[in-house]
Amino acid sequence: MSYEPVLLARIDKPNSQRLEGYRQDGGYEAFARVLRELKPEEVVARVKESGLRGRGGAGFPTGVKWTFVPKGHPGPIYLAVNADESEPCTYNNRILMEKDPHQVLEGVLISSYAIQARVAYFYIRYEYGEAYRTLQAAIDELYQAGLLGRNILNSGFDLDVVLHRGAGAYICGEETGLIESLEGKRAWPRIKPPFPAVEGAFRKPTIVNNVETLACVTQILRRGVEWFRSLGVPPDPKNPRDLGSFGPKLYTLAGHVNEPKCVELPLGVTVRELVEKHGGGVWKGRKAKAVNPGGISMGFLRCDLPLKNAEGTEYDIPLDFNGPLRAGCLGLGTAAVTVIDDQTSMIDVVHNVCQFFSHESCGQCTPCREGTGWMLKIMERFRHGRGRREDLDILLDVAERIGIIPGTTICGLADGAGWPVKTAIRKFREEFEQAIRDATVSRYVRTLETVAAH
Amino acid sequence: MPVYVNDKPVELGSQRWNCIQAAQQAGVFIPHYCWHEALSVVASCRMCLVEIGEWKDGKVVMQPKVVPGCQTPVKDGMVIVTGEYDRRDPTLPPLPYDPAYLQAGPPGSRAKKAQADTLEALLLNHPLDCPVCDKAGECLLQDYSFRYGRSTSRMIDPKNTPPNKPHISSKITLFTDRCIMCTRCVRFTREISGTGELCVVRRGHHEEIDVFPGRPLENKLAGNVVDLCPVGALGSKDFLYKQRVWYLHTRDSICSRCSSGCNIYVDSNKDIVYRLRPRYNPQVNGHFMCDDGRYGYHFTHAAERIRRAGLLQQPSTSASNDPDYPMRRWLAWPHLVSRLRQSLQSLGQQPQRRVAVILSPFLTVEEAFLLAKALRSLAPQAQLALGPVPVVGDDDRYPKDVHGRPVEPTRFIIRAEKCPNRRGVETVLRYWTGQVTPAEELLRQSWDALWFAGGYPEAAVVEAALPSHWSAPPLLVVQDLFPSPLTEAATFLFPATSSFEKEGTFINAMGIAQTFPRAVRPLIDARSELQLAHELLERPGLVQAAAVRRELGRAIPELAHLATIDPPAAPERIELATV
């Protein structure tokens, strides 16, 4: 069965970023219809009904999140668009913003109407220069067309979109970190509760949604709830807490594949199908050793490890919101699939991961600040062939004890830092032990030395 | 419903507490670094991790994760299990914990491990240079590591060694590597002083406290960040490497440098004051004190202080031009006091002779009362006046905004009136004379005898109060700390004592009477003003401030409550009452 892309339908058209073209393809009709026909709470109800789950990583139901805004709040209420896409190997938001910004902005308009926001902050990461310029141009077009500003389409609805460029920190992608950064402070995630939907930016209710989520909102309102629910994976009847994984998803393929690219598929494609069919297989005729199902913070799948209670190996797990959990990963994350071939040392991979999280830990909570740094120091030693057997236990201990799941940190960065380390060590322990026995020095010790970090 | 802390029920009423405070009510201590009662909650140090649960349907269901006690509000029926569950009162019956919870280990084992993990993490990059660290002995990192931590480090890799930052302030230095990033200091400058000099720079384990370029930590409350620092990262340059803290004797006292009357601890060794620290008093100063007070103790040990009592000897013949005269003769106290008493008595027998007594606002209530009583009994015609009251600018209110303007609500006030006891001395003066006369008025007139009871830490205040063509009266008695034109001319000169060297009561700007014990012994040849008055009254032995307090409490209705208060049982105890 071949799937016709919806979110990415327009990206190859000439001038896909322009309002004119977007309108020719039926753009902003859904928004106009929403303004004419639906009350804000009806929009919320539709999104809730569609089962749309946040595409930013945690997979929280978007409609449910919108209902957390206190009823009858006098305002202001804010929408914050999380375009701080910093998870390594993830670039699906970037494609949407660079190639089809109006699809996202229509979602911003609809969502702002639904939650009764009068200002939407679009927080874009510093590194996305082109996306920033494209979006700014698109926002300017909207103001000129009367789709932003006062009394939009004579409906009495006002909305301003403020495009804010970050300063380059992974933690700004955490929703409360993003809010702090937006307020002009150091992006230290806030303690929750209160959740941002109750008290967020400037101490007002704030809904933080991912770019892809908002593009999905556009499509739900354009094509209907039924269409959205026809795609993806329904909830597991045996698991009452499963909310299902409906709708299309942008998967990004990176690492050792022949064709690294972003593909749109209904949720639930298996890793094997994604890599072998859509990614053109592993490069240089090698085999996949490990796969990262959704950004490095989700942990690793070992491609030849048989699944418990099911046929196939971890290579065959479906990429929906539940699949990676079955293989001990943290979740679907951003659905950025990174393939690691069988010639690559897991020690180098884990070192790289540790370097990233140690550099990006905001430094607020002790366990994460010191834990990520310690793991990096140990992995640095491993790369130089000076690992010890007890280091593996220390790494596991540290990786287990940091994060919101054990309750020792404020935000989930530490979980994301611990998960790849512990899944790698659990699943590839013999490789680490072999390296300890042989005192293997990494091939990349010299070339990848850290020179400076911003 | 009560809240259970390590199986102990505690009723908290309607007060909103967090777990640390609730546990404190139950007598259980939960260690913490970043949390401070006066500052906002950041829940980042992760030292106060506890396990919480709820008692319902006959069993206690515990949450699977640990939570920071500082951030978790206590609700009715909540069950708190701390890492020290195994040290709970063994006579208490254990709560019916969920069997599934007990399977994972004894109650509190998760919190215990989480706290030990936090300490292990904090020590990873800590230099462990306790032998040369000023904080050693009163360091919470030492204390908690000893009580909750592991005894060995599992890290064999090199520690981070960020450079120290002595430049952050003229009074404060930062040992960057010792910092545990609790950010108390940063929050203090943002929330209490409002000046916001401190910030956090860099990220992850390379994170550091710093100041903004060109804006050092210079505000009048800056010294508090040293007290707030739970480890040895922020050091007071004033105290640095002067004393090991375990040699210090700590006494409760009251700051005498302004009329706020901040409650302080005086840390001294061998009668030398080395450091002042604020002592918590919610009615007066909260948790903090200002730098004027904090570093304002040095006068006590200044070399220029008047050390001995003496008499001014005039030449034997009035025509003599001997350049050695007039000459100061240092005499033993008993001789001086009896000669002084005789002089005053002879004046008292001649009611037309004019006698003035000036009582400074640095005196305690007891001293002012007893001096007034002694002089009025020797020379009943004596006029009483309030000594010069030093006032500098306006009351200084904190926090301030970026323009230096105070912001409501006020969290700290440095008073413009730079003396501790104007209200107390005024109360005494009103009792004896029915009014308060300023000293400046009396100093303009000519007198046969003038008694100046000073105790001014700065002689400039005394000089400023003197009229330009002031000439000394035939009999001038001066008690003061530092040389001034008055002490130069004094017929009888007595060394005064500083507030650390005496006990007594100050009444602060808000009318709160606070008694304090003596922190250090006075200079060898000095006796307190109270003792001098006691001897002038021909009372035997050593004076007891508490007895004088009872005496004046019976005499002065406004201070009647001072008579009913028992003397302090221990030097640390302080009585507190509002006038």
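Asker: Help me out: how do you make sense of the packing of helix H3 (residues 40-50) of chain A against helix H9 (residues 211-223) of chain A in this one?
Answerer: When two helices pack together, their arrangement is captured by the angle between the axes and the distance separating the axes. All names here are of chain A. Taken N-terminus to C-terminus, the directions of H3 and H9 make an angle of 100°; their axes are 10 Å apart at the nearest point. It follows that H3 is roughly perpendicular to H9 by the angle criterion. Together, Val 43, Arg 46, Val 47 and Ser 50 of H3 and Val 217, Ile 220 and Leu 221 of H9 make up the contact between the two elements. The residue makeup of the contact of H3 with H9, split by class, is five nonpolar, one polar and one charged.

Asker: Looking at this structure, how should I read the sheet that holds strand E8 (residues 248-255) of chain A?
Answerer: Backbone-to-backbone hydrogen bonds pair the strands of a sheet. The strands run either parallel or antiparallel. All names here are of chain A. The strand order E9-E8-E12-E10-E11 describes an open sheet built from five strands, whose pairing is mixed. Each edge of the sheet is formed by a strand with only one pairing partner; in this case those strands are strand E9 (262-266) and strand E11 (301-302). Pairing of strand E10 (residues 288-292) with strand E12 (residues 336-341) involves four bridges; the strand directions are antiparallel. Each residue of the ladder has a partner; that of Val 291, found in E12, is Val 339. Contacting E8 and E9, helix H5 (residues 92-99) runs over the sheet at an angle of about 115° to E8.

Asker: What is the right way to read the sheet that holds strand E3 (residues 149-152) of chain A from this model?
Answerer: All names here are of chain A. Ordered in space as E3-E4-E2-E1-E5, the five strands form an open sheet in which the pairing is mixed. What marks the edges here is a single partner per strand, and that holds for E3 and strand E5 (206-210). The sheet shows a mean angle of 25° between the axes of neighbouring strands, taken without regard to direction. Strand direction decides the pairing type here: strand E1 (residues 78-83) and strand E2 (residues 119-124), joined by six bridges, are parallel. Each bridged residue has a counterpart across the sheet, and for Leu 79 the counterpart in E2 is Ala 120.

Asker: How should I be thinking about the pairing of strand E4 (residues 59-62) of chain B in this particular structure?
Answerer: For a regular strand, side-chain orientation follows a simple rule: the groups alternate between the two sheet faces. Residues and elements named next belong to chain B. Residues of E4 alternate between two faces, with Val 60 and Met 62 buried on one and Lys 59 and Val 61 left unburied on the opposite face. Pairing geometry for strand E3 (residues 49-56) and E4, over four bridges, is antiparallel. Bridge pairing in E4 links Lys 56 to Lys 59. Hairpin connection from E3 to E4: two residues lie between these consecutive antiparallel strands, with Asp 57 at a positive phi of about 55°.

Asker: I'm lost on the pairing of E2(A) in this one. Help?
Answerer: Residue and element names in this part refer to chain A. Within E2, six of the six residues are buried, which leaves the element mostly enclosed by the surrounding structure. Burial along E2 is two-sided: the residues Val 119, Tyr 121 and Tyr 123 and Ala 120, Phe 122 and Ile 124 are all buried. Looking at chain direction, E2 and strand E4 (residues 157-165) are connected through six bridges and run parallel. Each bridged residue has a counterpart across the sheet, and for Ile 124 the counterpart in E4 is Arg 165.

Asker: Looking at this structure, how should I read the interface of chain A and chain B?
Answerer: Interface size is often expressed as the accessible area that is lost when the parts come together. Across the boundary between the two partners, chain A contributes 36 residues, which contact 36 residues of chain B. When chain A packs against chain B, the two sides together hide about 2,900 Å² of surface, and 50% of this comes from carbon and sulfur. The interface formed by chain A and chain B contains seven salt bridges. Here Arg381(A) ties to Asp157(B) by a salt bridge, and the two come within 2.5 Å at their closest N and O atoms. Secondary structure elements with two or more residues in the side of chain A that touches chain B: helix H13 (346-360), helix H14 (366-383) and helix H15 (389-401) of chain A. Residues belonging to the side of chain A that touches chain B are distributed by class as follows: 14 nonpolar, twelve polar and ten charged.

Asker: For this particular structure, what's the right way to read the nonpolar core?
Answerer: The nonpolar side chains of soluble globular proteins are, as a tendency, buried together. Core analysis: the largest hydrophobic core is formed by 109 residues, its most contacted members being Phe382(A), Phe432(A), Tyr33(B), Val225(B), Leu234(B) and Phe500(B). For this core, the leading source of residues is H13(A), giving eight residues. The contacts of Phe500(B), once residues within four sequence positions are left out, are Ile264(B), Val266(B), Val273(B), Leu276(B), Tyr297(B), Thr300(B), Arg518(B), Ala519(B) and Val520(B). One finds Leu96(A), Met97(A), Phe157(A) and Val211(A) within the second-largest nonpolar core, a separate group that totals 67 residues.

Asker: Please explain the confidence of the model for chain B as it appears in this structure.
Answerer: Close inspection of predicted coordinates is inappropriate in any region flagged by low pLDDT. Residues and elements named next belong to chain B. Averaged over all residues, the pLDDT of chain B equals 91, while 96% of them reach at least 70. The model gives residues 567-579 a pLDDT under 50, and that stretch makes 42 contacts with residues more than four places away or in other chains. Reported confidences for the modelled complex are a pTM of 0.93 and an ipTM of 0.93.

Asker: Is there a simple way to think about the domain arrangement of chain A in this case?
Answerer: Residues and elements named next belong to chain A. For chain A, the domain assignment lists domain 1 (19-230), domain 2 (245-341) and domain 3 (346-452). Once you take the C-alpha centre of each, domain 1 and domain 2 turn out to be 28 Å apart. Taken together, the 22 residues of domain 1 in the interface contact 21 residues of domain 2. Between domain 1 and domain 2 the total buried area reaches about 1,700 Å² when both faces are included, carbon and sulfur atoms providing 61% of it. If you sort the residues of domain 1 by the area they bury against domain 2, Arg 55, Cys 89 and Tyr 91 come out on top, with a joint share of 29%. Put simply, domain 1 and domain 2 have one salt bridge between them.

Asker: What is the right way to read the packing of aromatic side chains from this model?
Answerer: Geometry of an aromatic ring pair is reported as the spacing of the ring centres plus the angle between the planes. Summed over all chains, the structure comprises 28 aromatic pairs over all chains. The interplanar angle of 80° and the centroid separation of 5.2 Å between the aromatic rings of Tyr22(A) and Tyr28(A) together place this pair among those described as edge-to-face. Look at Tyr22(A) and you get buried, because its relative accessible area is 1%. Exposure remark for Tyr28(A): the relative accessible area of 3% places this residue in the buried category. Taken together, the aromatic side chains of Phe29(B), Tyr33(B), Tyr144(B) and Tyr148(B) make up a single cluster linked through ring pairs. The ring centre of Tyr132(A) lies 4.9 Å from the NZ or CZ of Arg165(A), which sits over that ring. We note Lys284(A) situated over the ring of Trp283(A); from NZ or CZ to the ring centre the distance is 4.2 Å.

Asker: What am I meant to see in the pattern of salt bridges here?
Answerer: Side chains bearing opposite charge may pair, as long as their charged atoms lie close to each other. Under the definition given, this model contains 85 salt bridges over all chains. Across the pair Arg401(A) and Asp117(B) runs a salt bridge whose closest N-O atoms are separated by 3.2 Å. One end of the pair, Arg401(A), is in helix H15; the other, Asp117(B), is in helix H3 (residues 109-124), on a second chain. As far as burial versus exposure is concerned, Arg401(A) and Asp117(B) are alike and both buried.

Asker: Honestly, unusual backbone geometry in this entry has me stumped. Any pointers?
Answerer: Excluding glycine, residues mostly carry a negative phi; peptide bonds, for their part, are mostly trans. All names here are of chain A. A cis amide bond links Gly 75 to the next residue, Pro 76, at an omega of 0°. Within the secondary structure, Pro 76 is located in the loop between helix H4 (62-66) and E1. Residue Pro 193 is bonded to the preceding Lys 192 through a cis peptide linkage, with omega at -5°. Locating Pro 193 in the fold gives a position in the loop between helix H8 (175-182) and E5.

Asker: Help me understand helix H2 (residues 29-37) of chain A, please; the structure alone is not making it clear to me.
Answerer: Turn by turn, an α-helix covers 3.6 residues, leaving residues three or four places apart pointing in a common direction. Every buried residue belonging to H2(A) is among Ala30(A), Phe31(A), Ala32(A), Val34(A) and Leu35(A), and all of these are buried. Packing partners of the buried residues in H2(A) comprise H3, helix H6 (101-115), E3, E4 and H9 of chain A.

Asker: Looking at this structure, how should I read H6(A)?
Answerer: Residue and element names in this part refer to chain A. Between its terminal C-alpha atoms H6 stretches 21 Å, which fits the 21 Å expected from 15 residues at 1.5 Å a residue. With 15 of 15 residues buried, H6 is to be regarded as a mostly interior element. Backbone geometry just downstream of H6 places Gln 116 in the positive-phi region, at approximately 65°.

Asker: Is there a simple way to think about the side chain of Asp291(B) in this case?
Answerer: All names here are of chain B. With respect to the secondary-structure elements, Asp 291 resides in helix H7 (residues 291-294). Residue class for Asp 291 comes out buried when judged on its relative accessible area of 8%. When near neighbours in sequence (up to four residues on either side) are disregarded, Asp 291 contacts Asn 219, Lys 220, Leu 221, Ala 222, Gly 223 and Gly 296.

Criteria and thresholds
Residue indices begin from 1 for each chain and proceed along its sequence in written order. Just so you know, chain letters begin at A and ligand numbers begin at 1, following the order they were written in. The predicted origin of the model limits local features to residues at a pLDDT of at least 70 and limits the giving and counting of side-chain atom pairs to 80 or more, whereas totals for whole chains, interfaces and linings rest on all residues. Hydrogens and waters are ignored; side-chain quantities use all the structure's heavy atoms. Every axis in this analysis is a line fitted to C-alpha atoms, fitted for helices over the stretch in contact. Angles between the N-to-C directions lie between 0 and 180 degrees. Helix numbers and strand numbers start at the N terminus; a helix is a DSSP run of H or I with at least 4 residues, a strand a run of E with at least 2. Orientation labels follow simple angle bins: below 35 degrees gives roughly parallel, above 145 gives roughly antiparallel, 65 to 115 gives roughly perpendicular, and whatever is left gives oblique. When checking whether two residues touch, look at their non-hydrogen atoms; a contact exists if any pair is within 4.5 Å. Under the scheme applied here, ten amino acids are nonpolar (Ala, Val, Leu, Ile, Met, Phe, Trp, Tyr, Cys and Pro), four are charged (Asp, Glu, Lys and Arg), and all others, including Gly, are polar. Pairing between two strands is assigned when DSSP locates at least 2 bridges connecting them. Residue burial is assigned from relative accessible area. The probe radius is 1.4 Å, only protein chains are included, and a residue is buried under 20% of its type maximum, exposed over 50%, and partly exposed in between. Note: buried area is the sum, over both parts, of the accessible area (probe 1.4 Å) each one loses when the two are combined. Just to be clear on terms, a salt bridge is a Lys or Arg side-chain nitrogen sitting within 4 Å of an Asp or Glu carboxyl oxygen. Residues belong to a common nonpolar core when they are buried Ala, Val, Leu, Ile, Met, Phe, Trp, Tyr or Cys residues joined through side-chain atoms within 4.5 Å. Confidence scores labelled pLDDT are given residue by residue by the predictor and lie between 0 and 100. As annotated, the domain borders come from an automatic or database domain assignment. When two rings of Phe, Tyr or Trp (its six-membered ring) have centres within 6.5 Å they constitute a pair, described as stacked for plane angles under 30 degrees, edge-to-face for angles over 60, and tilted for the intermediate range. By definition, being over a ring means that NZ of Lys or CZ of Arg is both within 6 Å of the ring centre and within 35 degrees of the ring normal. Helix span, expected: 1.5 Å multiplied by one less than the number of residues in the helix.

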